[in-house]
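Analysis of the macromolecular model
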Amino acid sequence: DAKTTQPPSMDCAEGRAANLPCNHSTISGNEYVYWYRQIHSQGPQYIIHGLKNNETNEMASLIITEDRKSSTLILPHATLRDTAVYYCIVEIQGAQKLVFGQGTRLTINP
Amino acid sequence: ETGVTQSPTHLIKTRGQQVTLRCSSQSGHNTVSWYQQALGQGPQFIFQYYREEENGRGNFPPRFSGLQFPNYSSELNVNALELDDSALYLCASSLGPGGSYEQYFGPGTRLTVT
């Protein structure tokens, strides 16, 4: 079973920041937080991952709370192409056997 | 650098038949993982191959089997197809277990069992 809890759906206006929350209260010290997204009818796409520090790349920022029990994925300027299902996954370092939950269906509205 | 490719894109089979799905990993990647995604659900891990050996398996029966070749491409075989096997089958390649590496997914093969 997935070790994360995400809201089933969210809406965001185009051009605004989309903030997607994820709870992972049972995370272990050697588990990373990964975010993937899946645009309709495509394979999942890697977005970002982190252990305990905040991370940023060209796609998004990942904010992990100090106790590591929750995190937030931030898409700074959402576009219509960001409409997708976003998956937050917790995985032990090196395992590479992703356990997907139901994810959050993010809809970007014009 | 080529991405992960899968073939065929779509497939229709009859219950009881056997099917083989193929995956070419991204250049430089030695690990391939297979996932099954039923309609409306998140992907479920089937198994992983690392350097031609199975390296972990999810909760799938033995009729789901696989291979990895020396060039790191991979096959997923499913015997005695059941209606519930209808799904999108995804493969993902990565640099190998032991590191916090991201996985790169192919577009998937949509299998319909009638």
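The notes below deal with the structure included here. For every chain, the first residue of the written sequence is number 1, and numbering continues from 1 along that sequence. Lettering for chains starts from A, numbering for ligands starts from 1, and both go in the order in which the items are written. Local features in this predicted model are restricted to residues of pLDDT 70 or higher, and side-chain atom pairs are both shown and tallied only at a pLDDT of 80 or more, whereas totals for entire chains, interfaces and linings draw on every residue. Just so you know, side-chain values use all the structure's heavy atoms and leave hydrogens and water out.

**A word on the packing of aromatic side chains**
Residue and element names in this part refer to chain B. Filter applied, for reference: Working definition: rings of Phe, Tyr and Trp (its six-membered ring) pair if their centres are within 6.5 Å, and the pair is stacked with planes under 30 degrees apart, edge-to-face with planes over 60 apart, and tilted otherwise. Numbering of helices and strands starts at the N terminus; helices are DSSP runs of H or I of at least 4 residues and strands are runs of E of at least 2. Exposed residues in this analysis have more than 50% of their type's maximum accessible area, buried residues have under 20%, and partly exposed residues fall in between, with area computed by a 1.4 Å probe over protein chains only.
According to the stated counting rule, one finds twelve aromatic pairs over all chains in the structure shown. Ring centres 5.7 Å apart and planes at 65 degrees place the aromatic pair Tyr 35 and Phe 45 in the edge-to-face group. Of this pair, Tyr 35 sits in strand β4 (residues 31-37) while Phe 45 sits in strand β5 (residues 44-50), and the two are ten residues apart along the sequence. Across this residue pair, the class does not change: Tyr 35 and Phe 45 are buried.

**Brief notes about the sheet that holds strand β1 (residues 9-13) of chain A**
In any sheet, the strands associate via hydrogen bonds between backbone groups, in a parallel or an antiparallel arrangement. Residue and element names in this part refer to chain A. Here is the rule: When DSSP finds two or more bridges between a pair of strands, those strands are recorded as paired. All axes are obtained by fitting lines to C-alpha atoms, using only the stretch in contact for helices, and the reported angles, taken between N-to-C directions, cover 0 to 180 degrees.
Strand order across the open sheet formed by five strands is β1-β9-β8-β3-β4, with mixed pairing between neighbours. With partners counted over all chains shown, the strands left at the sheet margins are β1 and β4 (45-50), one partner each. For this sheet, the mean angle separating the axes of adjacent strands, direction not counted, is 25 degrees. With eight bridges joining them, strand β3 (residues 31-38) and strand β8 (residues 84-92) adopt antiparallel strand pairing.

**Observations regarding the state of the cysteines**
Formally: Disulfides are defined as pairs of cysteine sulfur atoms found within 2.5 Å of each other.
Counted under the stated rule, the structure contains two disulfides over all chains. Note on cysteine connectivity: Cys 22 of chain A is disulfide-linked to Cys 88 of chain A, with sulfurs 2.1 Å apart. Every disulfide takes its handedness from the sign of the S-S torsion; for Cys 22 of chain A and Cys 88 of chain A that torsion is -80 degrees, giving left-handed. Note that Cys 22 of chain A is positioned in strand β2 (residues 18-23) and Cys 88 of chain A in strand β8, a separation of 66 residues in sequence. The disulfide partner of Cys 23 of chain B is Cys 91 of chain B, and the S-S distance across this bridge is 1.9 Å. Taking the sign of the S-S torsion, 75 degrees for the link of Cys 23 of chain B and Cys 91 of chain B, the bridge is right-handed. On the criterion of sequence distance, the pair formed by Cys 23 of chain B in strand β3 (residues 19-24) and Cys 91 of chain B in strand β9 (residues 87-94) is long-range, its members being 68 residues apart. Judged by relative accessible area, which is 0%, Cys 91 of chain B ranks as buried. Cys 12 of chain A takes part in no disulfide bond, and the closest cysteine sulfur, belonging to Cys 22 of chain A, lies 18 Å away.

**Section: the sheet that holds strand β8 (residues 74-78) of chain B**
All names here are of chain B. Pairing is antiparallel across the open sheet formed by four strands, whose spatial order is β1-β3-β8-β7. Bordering the open sheet on either side are β1 (5-7) and β7 (64-68), each of which pairs with just one other strand. Neighbour to neighbour, the strand axes of the sheet diverge by 20 degrees on average, direction disregarded. Inspection of the sheet shows β7 paired to β8 by five bridges, in the antiparallel sense. The residue of β8 that forms the bridge with Ser 65 is Asn 77.

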